[in-house]
Amino acid sequence: GLVFGLKKNKGTTNKGTTRNLKEIVVERCLMFIKEVDTSDNKCDQIWSTFKHAFIGKNPCNVKMGDYDQFIDTVHQYISRNKTLFWSKTQQIAHDFTKATKCFMTLEDTLVGYMMDGLTWCGQNSSMEFDYTYCPGYKECENNPVSSFWKRASMNFAESAQGRVAVMLNGSMSQPFSTSSIFGSIEVNHFNSSIISHVNIISVISSTYSGPCNSMSIRNLTSILKNKRINSTCKDITVSEIQNCTSKHNPQSCDCVIN
Ligand code: N1C
């Protein structure tokens, strides 16, 4: 079973749009831009292209392509190096990047940072947000939140270069699933001319099992091989990762991903 790291997918809980969505998103945008020290403030433009993707539309009919303009507007802030992908390991992957700062997830880029943990949707024939109910993927695939993460993930994967890594959940029967966003979108958008190597990290609860040798992960390895991308896999326990990322370990990057 799943013993760690799976935050509840906020997009699937039947909540409405997050209160004060605009204030939260614009505030995060300004904070992020201040951190990376960019003088060019595009947060208002970023907000309006974001809103334009789904406002006034049936919340079951918002597609990945509806966010194209938004992604283009934010484009310059996508980081390309030291990319970390994950699937069913959201919590531990983000704890790792926060503690070590040596790899970046989508949430460490402006696009992901702004929308992390939020819910949003509009309504057909109204320019208002729906604050009472937003559909999740169980209700309909083409909902504003799911389509957002798919489109953002596609862009993030296309931009990845050099040595990249992915943290998979080795406690699951299918650590690599072709129906996950990682398996269905990100891997397919890896650019083999700029990615040199994929480090597969299989996160396990005890050293006993070895999911790197499982059919599921071997399937990922062979998909990558067909794209002419080299990969290596390492089974690593949750406590090993936690030890590696403790503040006193200066080699924490190499310790988990090498
Ligand atoms: O479907 P998944 O995992 O394989 O998606 C994870 C994969 C990562 O590598 C990220 O780059 O895709 C990206 N990504 C996010 O960054 C993200 N933040 C929040 C995908 N989804 C993201 N979410 C929400 O989690 C979103 O609502 C989506 O449906 C889930 C997917 O989580 P998963 O199944 O563990």
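Residues numbered from 1 in each chain as written. Predicted model: local features only at pLDDT ≥ 70, side-chain atom pairs only at ≥ 80, totals over all residues. Heavy atoms only, no water.

On to the pairing of strand β2 (residues 162-169). Looking along a regular strand, one sees the side chains alternate between the two faces of the sheet. Counting buried residues in β2 gives 6 out of 8 residues, a clear majority hidden from the surface. Two elements, β2 and strand β3 (residues 195-204), share 8 bridges in a ladder whose sense is parallel. Bridging across to β3, Ala 165 finds its partner in Asn 199. Read from β2 through helix α7 (residues 181-186) to β3, the crossover connection turns out right-handed. (Buried < 20%, exposed > 50% of the residue type's maximum accessible area, 1.4 Å probe, protein only. Helix = DSSP H or I, 4+ residues; strand = E, 2+ residues; numbered from the N terminus. Pairing = 2+ DSSP bridges. Right-handed = clockwise from strand over helix to strand, strands pointing away.)

Our next topic: the pattern of salt bridges. The tally for this structure, following the rule as stated, stands at 3 salt bridges. One salt bridge connects Lys 57 with Asp 66, and the closest N-O pair in it is separated by 3.7 Å. The exposure class assigned to Lys 57 is partly exposed, which follows from its relative accessible area of 26%. Using a relative accessible area of 26% as the deciding quantity, one classes Asp 66 as partly exposed. With its nearest N and O atoms 2.6 Å apart, the salt bridge here joins Asp 68 to Arg 151. On the criterion of sequence distance, the pair formed by Asp 68 in helix α3 (residues 68-74) and Arg 151 in helix α6 (residues 144-159) is long-range, its members being 83 residues apart. Given the relative accessible area of 33%, Asp 68 is considered partly exposed. The buried category is assigned to Arg 151, whose relative accessible area is 10%. (Salt bridge = Lys/Arg side-chain N within 4 Å of Asp/Glu carboxyl O.)

All right, on to the sheet that holds β2 then. Spatially, β1-β2-β3-β4 is the arrangement adopted by the 4 strands of the open sheet, whose pairing is parallel. Each of the sheet's edge strands pairs with one partner strand only, and the pair in question is β1 (84-87) and β4 (230-237). Neighbour-to-neighbour, the strand axes of the sheet open up by a mean angle of 20 degrees, direction not taken into account. As defined by bridge partners, β1 adjoins β2 across 4 bridges and the pair is classed as parallel. Bridge assignment links Ser 87 to a residue of β2, and that residue is Leu 168. On top of the sheet, helix α4 (residues 90-100) reaches β1, β2 and β3; it is set at about 160 degrees to β1, its chief contact. Relative to β3, helix α8 (residues 215-226) is tilted by about 175 degrees, and along the sheet it contacts β2, β3 and β4. (Axes fitted to C-alpha atoms, helices over the stretch in contact; angles between N-to-C directions. Contact = heavy atoms within 4.5 Å.)

Another aspect to go through is the nonpolar core. Phe 50, Phe 70, Trp 120, Phe 148 and Phe 190 are the most contacted members of the largest nonpolar core, which totals 49 residues. When residues of this core are traced back to their parent elements, those giving at least two are α1 (21-35), α2 (43-52), α3, α5 (110-115), α6, β2, β3 and α8. Every residue in contact with Phe 190, bar those within four places of it in the chain, is listed here: Phe 85, Ala 157, Phe 182, Ile 195, Val 198, Leu 224, Lys 227 and Ile 229. Counting residues in each nonpolar core, the second largest holds 17 residues, with Leu 84, Val 203, Val 238 and Cys 244 among its members. (Core = buried A, V, L, I, M, F, W, Y, C linked by side-chain atoms within 4.5 Å.)

Our focus in this paragraph is the layout of surface pockets. Of the pockets and cavities examined, the second largest pocket occupies roughly 520 Å³. For the second largest pocket, the lining is made up of 18 residues, of which Phe 32, Lys 98, Glu 107, Asp 108 and Tyr 113 are closest to its centre. Take the lining of the second largest pocket: its biggest share by element is 6 residues, from α4. By residue class, the composition of the lining of the second largest pocket is 6 nonpolar, 4 polar and 8 charged. (1 Å grid on protein atoms, 1.4 Å probe; cavity = no way out; pocket = protein on both sides within 12 Å on 5 of 7 lines; lining within 4 Å. Points joined across faces, edges and corners; volume = space filled by probe spheres on them. Nonpolar A, V, L, I, M, F, W, Y, C, P; charged D, E, K, R; others polar.)

Attention shifts here to α2. Among the residues of α2, those classed as buried are Cys 43, Ile 46, Trp 47, Thr 49 and Phe 50. Residues of α2 that are buried sit in contact with α1, α3, α5 and α6.

It is worth spelling out unusual backbone geometry at this point. Positive phi is not limited to glycine here, since Asn 20 has a value of about 60 degrees. With respect to the helices, strands and loops of the structure, Asn 20 is situated in the segment before α1. Even without glycine at this site, Lys 101 takes up a positive phi of about 60 degrees. Along the polypeptide, Lys 101 turns up in the loop between α4 and α5.

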